[in-house]
Amino acid sequence: MKKAMLSFVALGMLMMSCNDDDAGTTTMDTALNPDTAPKVSIDRFSEAAGTLMVRTASNGLPQANEPIDFDSGAPFITQGLTADGAVVQYYNFDVQPTDPAPIYLFFNEDGTAVEDQLNIVGVIPGDTGYNDFWQVYQVTVPSGFVANTVTSEAELLSAGLEIMKTSTVVNCPVVPDGSIASKRVNSEDTELHRGWYQDQVVYYFSFFEKILDGGSTDMVPLSPIYVSFNINPDDMNPDSGAASGFVTEMGTDQTHNVIATIPSDDDYSPLWLVNVYDNMDFDMVGNLTTAQSSNILATGVATVNCPVVTLN
């Protein structure tokens with residue numbers, strides 16, 4: 001298949017066109033109505049879906065299909081530092097792989113988005129191959145195509161439609177309906193979008209603080225982050241490392257986690273390659289230079305989806 005890069009504007013317009021209240025009933029009996037179709041049950045905190053955030057009897061993480069308020073504080077949002085020491089906030093969507101999953105966007109032959117057609121995904125949290133990061137596939141439909149007559153990946157792949165793989169990667173975490181994440185760096189909408197998964201409606205956020213290009217490797221780009229935990233990582237102590245939480249300034253939520261890039265940088269990515277520094281160096285770390293000169297205990301320990309949402 002050919003590869004192409006979709007523009008930031010085109011993606012933004014398409015996401016808006018596929019948002020919830022804009023979709024309506026189509027005229028063909030075989031079309032599904034997103035307003036009445038069943039909704040997918042989503043659990044981001046099951047053992048199959050979560051890595052750093054797995055629900056236990058004591059940690060209070062939301063139950064399956066319970067709306068998630070990502071604005072409610074730790075562990076869903078963190079306040080850290082930029083490379084030059086400015087305050088930054090980012091959401092925490094847990095560990096994600098570098099291999100994006102496919103998302104299918106529908107276009108008419110003239111290049112315009114198919115009105116009311118929801119995007120299609122083939123995996124949800126807990127499924128093998130799921131990723132918050134999606135590689136965009138452009139589906140071109142013939143004249144007369146009726147929106148939402150194709151509502152699953154299996155149906156799409158057997159429909160004989162033209163499908164073009166692009167190099168564009170979008171960050172769209174799948175969440176339960178009713179979830180909230182109201183912060184963004186740019187002036188994009190913060191509402192939930194709807195898509196199709198196996199003839200059911202799935203909900204997801206979009207983060208377009210910077211358009212991502214998977215390039216020739218079809219991988220989600222990475223950027224480094226330096227973090228410190230209340231208990232330094234210890235293979236013999238299950239309560240150490242991430243389980244102990246980030247070190248913060250006394251009486252505040254301010255960590256000294258330092259990100260290497262911000263959305264205006266060419267090499268920014270919300271998928272961060274995590275490096276851990278000794279918590280004894282917490283007070284000396286205030287920017288990227290001091291983070292890199294601290295006692296680094298471990299490098300590349302995880303790749304986490306943490307889109308930057310505020311910059312001071």
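Preceding block: the structure.
The rules behind these values
Per-chain numbering applies: the sequence of each chain, read as written, is numbered from 1 onward. Given that the model is predicted, a residue must reach a pLDDT of at least 70 before its local features are reported, and side-chain atom pairs must reach 80 or more before they are shown or counted; all residues, however, enter totals for whole chains, interfaces and linings. In computing side-chain properties, one takes all heavy atoms of the structure into account and sets aside hydrogens as well as water. In this scheme Phe, Tyr and Trp rings, the latter by its six-membered ring, pair at centre separations within 6.5 Å, and the angle between planes marks the pair as stacked below 30 degrees, edge-to-face above 60, and tilted otherwise. In this description a helix means any DSSP run of H or I spanning at least four residues, a strand means any run of E spanning at least two, and both kinds are numbered starting from the N terminus. Residue exposure (1.4 Å probe, protein chains only): buried if accessible area is under 20% of the type maximum, exposed if over 50%, otherwise partly exposed. We call two residues contacting when some pair of their heavy atoms lies within 4.5 Å. Only strands that DSSP links by at least two bridges are regarded as paired with each other.

Asker: Even after reading the chapter, I still don't get the packing of aromatic side chains, so can you show me in this structure?
Answerer: Two aromatic rings, taken as a pair, are described by how far apart their centres are and by the angle between their planes. Scanning the entire structure with this criterion turns up 14 aromatic pairs. A centroid spacing of 5.9 Å and a plane angle of 35° characterise the contact between Phe45 and Phe76, whose relative ring orientation is tilted. With Phe45 in the loop between helix 1 (8-17) and strand 1 (77-81) and Phe76 in the loop between helix 1 and strand 1, the pair connects residues that are 31 residues apart, well separated along the chain. A residue is classified by how much of its surface remains accessible, and Phe76, at 6% relative accessible area, is buried. Ring centres of Tyr130 and Trp134 lie 5.6 Å apart, and the angle between their planes is 80°; on these two criteria the pair is classed as edge-to-face. For the pair shown, Tyr130 and Trp134 are each scored as buried. By the ring-pair criterion, three or more aromatic residues cluster together here, those being Phe45, Phe70, Phe76, Tyr91, Phe93, Phe205 and Phe207.

Asker: Would you explain the environment of Ala49 in this entry?
Answerer: Turning to its location among the elements, Ala49 is positioned in the loop between helix 1 and strand 1. The class for Ala49 is partly exposed, based on a relative accessible area of 23%. For the pair Ala49 and Asp94, spaced 45 residues apart in sequence, the C-alpha separation works out to 9.4 Å. Once residues within four sequence positions are removed from consideration, Ala49 is found in contact with Asp43, Arg44, Pro125 and Gly126.

Asker: Looking at this model, I keep getting lost on the sheet that holds strand 10 (residues 207-213). Mind explaining?
Answerer: Strands belonging to one sheet form pairs held by backbone hydrogen bonds; the direction of such a pair is parallel or antiparallel. Read from one edge to the other, the open sheet built from 8 strands follows the order 7-9-8-4-3-5-6-10, with strand pairing classed as mixed. Two strands in the sheet have a free side with no partner beyond their single neighbour: strand 7 (174-175) and strand 10. Sheet topology places strand 7 next to strand 9 (residues 200-204); 2 bridges connect them, and they run antiparallel. Bridge pairing in strand 9 links Val175 to Tyr203.

What is shown is where atoms sit, not what they do.
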